[in-house]
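Structural description and commentary
Residues per chain, in single letters:
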Amino acid sequence: MGQLHGVDLIKKKRQGKKLVMLTAYDSLLAGALDAAAVDVILVGDSIGNVFCGDADTLSVTMDQMVYHAKAVSSSVSHALVVGDLPFLSYHVGLDQARENAGRMIKEGRAQAVKMEVSSALLPAVQAVCDIGIPVMAHIGFTPHSVHQLGGYKVQGRDTQQADALQSLALSLEACGCFAIVLEMVPEALAATITAQLRIPTFGIGAGVGCDGQVLVTQDMLGLTSHSPKFVKRYAQLGDAIQQAVAAFRADVTSGAFPASEHGF
Ligand code: KIV
C-alpha cells in the first residue's frame, strides 16, 4: 500500500468514506499513528501549546516546524504527512509563502502544507498551490488570529459570518486546495459547507457532518491536563505515565530494580 495523497482523500469523499487525521511531532508517535492506518498525520503548530507549553501557537517558528516534520516523515509510509505553516511564515509576501511552503516539502519531507486562512490570505494560498504544493486550508476559528477573534470562540454563528465562511471555503476549493479544516464552527454550517464542496472537510469542534475528523493526539490520549469541549478522551495516558513513574521510583528507592536479570 503506497502513501496517500490529496487526490486519494478527494476520492474517499466521493466514495462516502470518512477520513481520519491526528497530529504528531515525533517519529515514534507518527509511526504508531501510521500503523493504526490514519489517513493524515498533521505536524501541527499546536506544538506551541502541547510540546513547548505556550499559551498559544504564535511563537512557533518555521525552523521548529521543519525539524519536527522531518522527524515525523521519517517513520510514515502510508499516511499523508501535512506540515503546518506557522504564524508569519506566509503573511508577509507571496515569495515568503512559496519559500516556506517549499521548505516544508524539501527539508521537512512533508507531502502537503496547512495554512490558516482569512480572505486576505487567498493570494498566498493561490501562490503556494500554483507551484505544485498541495494545500490544506484551515478556517473558522484560526489560532493564529486568537487575539483578533477575542479568544477561543465558535465562528460563524451569525448569518454574515456564516455566509463569509461559506464563500471562503468555495474560494479555497477554486484556488486548488485539496482539503479544508473547519475549527469550532456550528454543526449545521459545517455540514452545509461540506455538502457544497468537492474536496473533503475535517472538523475539529464542527460536528459529525464533516467528511473527516481531526484531534490533537495528546488531547485524545489524555496526556494534556486541559482539553476543549470538542475532545473525546480515548485513553488516560497521563495517569498511566504517573503510575509507571511512581512504580519505577518505588523500585529504585527500595532496591527492587535492577534485579539480577537486568544485569550483566
Ligand atoms: O496545529 C494543529 O494541531 C491544528 C489542528 C488542531 C487542526 O491546527
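I will try to describe carefully the structure that is included in this document.

Rules and cut-offs
- Residues numbered from 1 in each chain as written.
- Predicted model: local features only at pLDDT ≥ 70, side-chain atom pairs only at ≥ 80, totals over all residues.
- Heavy atoms only, no water.
- Helix = DSSP H or I, 4+ residues; strand = E, 2+ residues; numbered from the N terminus.
- Rg over C-alpha atoms; globule rule 2.2 N^0.38 Å.
- Buried < 20%, exposed > 50% of the residue type's maximum accessible area, 1.4 Å probe, protein only.
- Contact = heavy atoms within 4.5 Å.
- Areas by Shrake-Rupley, 256 points an atom, 1.4 Å probe, with all protein chains shown as cover.
- Lys, Arg positive; Asp, Glu negative; His and termini not counted.
- Charge placed at Lys NZ, Arg CZ, Asp CG, Glu CD.
- Near = heavy atom within 4 Å.
- Polar contact = N/O pair within 3.5 Å; in protein donor to acceptor, adjacent residues only side chain to side chain.
- Nonpolar A, V, L, I, M, F, W, Y, C, P; charged D, E, K, R; others polar.
- Pairing = 2+ DSSP bridges.
- Right-handed = clockwise from strand over helix to strand, strands pointing away.
- Salt bridge = Lys/Arg side-chain N within 4 Å of Asp/Glu carboxyl O.
- Axes fitted to C-alpha atoms, helices over the stretch in contact; angles between N-to-C directions.

**What about the overall build of the protein chain?**
Within the protein chain, the secondary structure is distributed over 10 helices and 8 strands. The C-alpha atoms of the protein chain give 20 Å as radius of gyration, which agrees with the globular expectation for 264 residues (18 Å, within 12%). Counting only C-alpha atoms and orienting by the principal axes, one finds that the protein chain spans roughly 65 × 40 × 40 Å. The buried share of the protein chain, taken over its 264 residues, is 48%. Within the protein chain, counting contacts between residues at least 6 apart in sequence, those at least 24 apart form 59% of the total. For the protein chain, the accessible area works out to roughly 12,900 Å², and carbon and sulfur atoms hold 57% of it. Each charge class in the protein chain can be summarised by its mean position, and for the 19 positive and 24 negative side chains these summaries are 6 Å apart.

**Quick notes on the environment of A24**
Within the secondary structure, A24 is located in the loop between strand 1 (19–23) and helix 2 (27–35). In this structure the C-alpha to C-alpha distance between A24 and A235, which are 211 residues apart in sequence, comes to 16 Å.

**Points about the site of the ligand**
Around the ligand sit T23, L42, G44, D45, S46, D84, K114, H138, I204 and V216, and that is every residue in its neighbourhood. S46 is positioned such that a nitrogen or oxygen atom in its side chain is 2.6 Å from an oxygen atom of the ligand. Take K114: an N or O atom from its side chain is 3.0 Å from an oxygen atom of the ligand. When the ligand is considered free in solution it has 260 Å² of accessible area, and contact with the protein chains removes 95% of it. In terms of residue class, the shell around the ligand is built from 3 nonpolar, 4 polar and 3 charged.

**Points about the pairing of strand 1**
Most of strand 1 sits out of view: 4 of its 5 residues are buried. As paired strands, strand 1 and strand 8 (residues 212–215) are joined by 4 bridges and run parallel to one another. Residue pairing in the sheet places M21 in a bridge with V214 of strand 8. Sheet topology places strand 1 next to strand 2 (residues 40–43); 3 bridges connect them, and they run parallel. Each bridged residue has a counterpart across the sheet, and for T23 the counterpart in strand 2 is L42. With respect to chirality, the unit in which strand 1 leads through helix 2 into the neighbouring parallel strand 2 is right-handed.

**With respect to the pattern of salt bridges**
When the charged atoms of two side chains with opposite charge come close together, those side chains can pair. Taken as a whole and judged by the stated rule, the model has 6 salt bridges. Among the salt bridges present, the one from R103 reaches D63, with a minimum N-O distance of 2.9 Å. Pair noted here: R103 is in helix 5 (residues 94–106) and D63 is in helix 4 (residues 62–73), with a separation of 40 residues, a long-range link. Across the salt bridge formed by R98 and D95, the nearest N and O atoms sit 2.8 Å from each other. One end of the pair is R98 and the other is D95, both in helix 5 and 3 residues apart, which spans about a single turn. Classification of R98 by relative accessible area gives partly exposed; the value is 29%. The exposure class assigned to D95 is exposed, which follows from its relative accessible area of 57%.

**Focus: the environment of K70**
By secondary structure assignment, the location of K70 is in helix 4. Those residues in contact with K70 that sit more than four places away from it in its chain are E107 and G108.

**Some words on the sheet that holds strand 7 (residues 201–204)**
One closed barrel holds the 8 strands; their spatial order is 1-2-3-4-5-6-7-8, and the pairing between them is parallel. The mean inter-strand angle of the sheet, taken between neighbouring strand axes irrespective of direction, is 25°. Helix 7 (residues 159–175) rests against strand 5 (135–140) and strand 6 (179–183) of the sheet, and its axis sits at about 175° to strand 5.

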